[in-house]
Amino acid sequence: MTGRESDGVDRSGNGGTGEGQHTTEVDPPWEGLTGADLHAACMEAARDGDRRAMAKLVDELTPLVWHVARANGLDRQLAEDV
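Bear in mind the structure is a predicted one, so any value in this text is a computation, not a measurement.

A. Here's a closer look at the overall build of the protein chain. In terms of helices and strands, the protein chain carries three helices and zero strands. Secondary structure elements of the protein chain, listed N to C terminal, follow the sequence α-α-α. Across the 82 residues in the protein chain, those meeting the buried criterion constitute 17%. For the protein chain, the share of sequence-separated contacts (at least 6 apart) that also reach a separation of at least 24 residues comes to 9%. Surface accessibility of the protein chain: about 6600 Å² in total, with carbon and sulfur atoms responsible for 51%.

Structure follows, in structure tokens:
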């Protein structure tokens, strides 16, 4: 295949240049980690600018932050701002 399907959309992943550039998705460094190890690896990657790491931290820690905020007496509206 040339990277263009019959509908004319470029699916080659090389921006349509035809130069054969390939990018491979590498497993993130936090893959397979749990708990503090996961959070530490994500923090390091997020510090280096990895947006996936920050998204993973948000996904992992939002329930904890919500629970702590509510357990400390914040109503729903205030807890949403934390």
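B. Expanded view of the nonpolar core. Membership of the largest hydrophobic core is limited to eight residues, which are Trp 30, Leu 38, Ala 41, Cys 42, Ala 45, Ala 46, Ala 53 and Leu 57. When residues no more than four places from it in sequence are discounted, the contact partners of Ala 46 are Ala 53 and Met 54.

C. Spatial organisation of helix 2 (residues 51-71). The terminal C-alpha atoms of helix 2, which comprises 21 residues, lie 30 Å apart, in line with the 30 Å expected from a rise of 1.5 Å per residue. At Leu 61, helix 2 shows its strongest bend, of approximately 45 degrees, with the proline Pro 63 following within four residues. When we look at burial in helix 2, the residues that qualify are Ala 53, Leu 57 and Ala 69. Packing partners of the buried residues in helix 2 comprise helix 1 (35-47) and helix 3 (76-80). Taking the backbone nitrogen of Arg 52 as reference, a side-chain oxygen 2.8 Å away marks Asp 50 as the first, capping residue of helix 2.

D. Structural view of the pattern of salt bridges. Counting across every chain of the model gives three salt bridges. For Lys 56, the salt bridge goes to Glu 60, with nearest N and O atoms at 3.7 Å. Here Lys 56 pairs with Glu 60, and both are found in helix 2, just four residues apart, close to one helical turn. Exposure remark for Lys 56: the relative accessible area of 29% places this residue in the partly exposed category. Where Glu 80 meets Arg 76, a salt bridge forms, and the shortest distance between an N and an O atom there is 3.6 Å. Pair noted here: Glu 80 and Arg 76 are both in helix 3, with a separation of four residues, about one helical turn. Of the two residues, Glu 80 and Arg 76, both sit in the exposed class.

Parameters and conventions
Residues numbered from 1 in each chain as written. Predicted model: local features only at pLDDT ≥ 70, side-chain atom pairs only at ≥ 80, totals over all residues. Heavy atoms only, no water. Helix = DSSP H or I, 4+ residues; strand = E, 2+ residues; numbered from the N terminus. Buried < 20%, exposed > 50% of the residue type's maximum accessible area, 1.4 Å probe, protein only. Contact = heavy atoms within 4.5 Å. Areas by Shrake-Rupley, 256 points an atom, 1.4 Å probe, with all protein chains shown as cover. Core = buried A, V, L, I, M, F, W, Y, C linked by side-chain atoms within 4.5 Å. Expected span 1.5 Å × (residues − 1). Bend = angle between axes of the 7 residues up to and from the residue. Polar contact = N/O pair within 3.5 Å; in protein donor to acceptor, adjacent residues only side chain to side chain. Salt bridge = Lys/Arg side-chain N within 4 Å of Asp/Glu carboxyl O.

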